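Residue-level structure breakdown
What follows is the residue order along each chain.
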Amino acid sequence: MQVKVLGSAAGGGFPQWNCACPNCRNFRAGTFAGTARTQAQLAWNAAPGEWTLLNASPDLRVQIDTTPELWPTGNNGPRDSPIRDLILTGAEVDQSLGLLLLREFHRFRVHATPSVRKILTEDNSIFGVLARFAGQVEWHDLPLDRPFTAGGAKLEVVLPPNTGFPGFVSAQRAKELNPAEAAIGLLISPESSKSTLAFLSGCGSISDALLERLRTCDVLLFDGTFWSDAEPSRIPGITRTARQMGHLPISGAGGSLDRFSTLAHPRKIFIHINNTNPILDDTSPERRTASDAGWEVAWDGMEITL
Ligand SMILES: [Zn+2]
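Residues numbered from 1 in each chain as written. Predicted model: local features only at pLDDT ≥ 70, side-chain atom pairs only at ≥ 80, totals over all residues. Heavy atoms only, no water.

On to unusual backbone geometry. Here the bond from Phe14 into Pro15 is cis, since omega is -5°, no more than 30 degrees from zero. You can see Pro15 is positioned in the loop between strand S1 (2–7) and helix H1 (22–28). Although it is not a glycine, Asn55 adopts a positive phi angle of roughly 70°. Here Asn55 shows up in the loop between strand S3 (50–54) and helix H2 (60–65). Judged by relative accessible area, which is 4%, Asn55 ranks as buried. A positive phi is found at His272, a non-glycine position, where the angle reads about 65°. Following the sequence through the fold, His272 ends up in the loop between strand S12 (267–271) and helix H8 (285–292). (Helix = DSSP H or I, 4+ residues; strand = E, 2+ residues; numbered from the N terminus. Buried < 20%, exposed > 50% of the residue type's maximum accessible area, 1.4 Å probe, protein only.)

Moving on, we come to the sheet that holds strand S13 (residues 295–297). In space, the 7 strands of this open sheet follow the order S7-S8-S9-S10-S11-S12-S13, with mixed pairing throughout. Of all the strands in the sheet, the pair left with one neighbour each is strand S7 (148–150) and S13. Across the sheet, the axes of successive neighbouring strands diverge by a mean angle of 30°, strand direction being ignored. Two elements, S12 and S13, share 3 bridges in a ladder whose sense is parallel. Of the residues in S13, the one forming a bridge with Phe270 is Val297. (Pairing = 2+ DSSP bridges. Axes fitted to C-alpha atoms, helices over the stretch in contact; angles between N-to-C directions.)

Right, here's the structure in full:
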């Protein structure tokens, strides 16, 4: 199974349109040692000519445009796409907005927890563009308590703690929903092998049980949003720490470098990297520290074979 990282940045991308942090400023000035990144997006090929999207980023149109495998072949008429399934790990804007870009009268399946489905289809009328004719988008509920098959892969939900529903969900609505369904991590395996990729793009802490679960995975794509716990509090308008935002920082005691230091087997890759994070700079000491600890930093176009 071929997995493609179509986007590797956190919400806002890199550079972010309204951001003048040192990273974004230096990138625009042409003095930054690193590449631009679109918002986090994965795709895998389930079978020849059949692709599954993991989430639907706001950059999805450009991401499809730059990925020939996702283009229509023309073999099935003038309107077609190899995209058959889409799996949502949450209802945040940077996970779901791209769904609206797939509205051009195309049939596909969306797999999500019941809470994520309700937030999008019952509370936000704009998602009605995906229900313009019977069978346009088929919604399938993801089970939290057992492995299942979707998008041509074997999947299992892992629940990162300290997550919550997106800020746009009303307190009243959030009370009616199962908090365990707000955001999920996934273990993904090809149907034909036991290789496993873990995808946890938003994870505020790692329990010992989760650490043990990840020990046997082959590839770990993990939350690389912030380098330090205080990093987001330096962004105007944000008063919370990285942990309070549901993102374990990379550095510091109990950070991901520390927590995963005994995780020898999996290939470890940071994804969902915020534009303020110094690991985006290929020459930064922070990037060197992450590399020395055995971590890679995902980039747009990265390919992983499972
Ligand atoms: Zn920035």
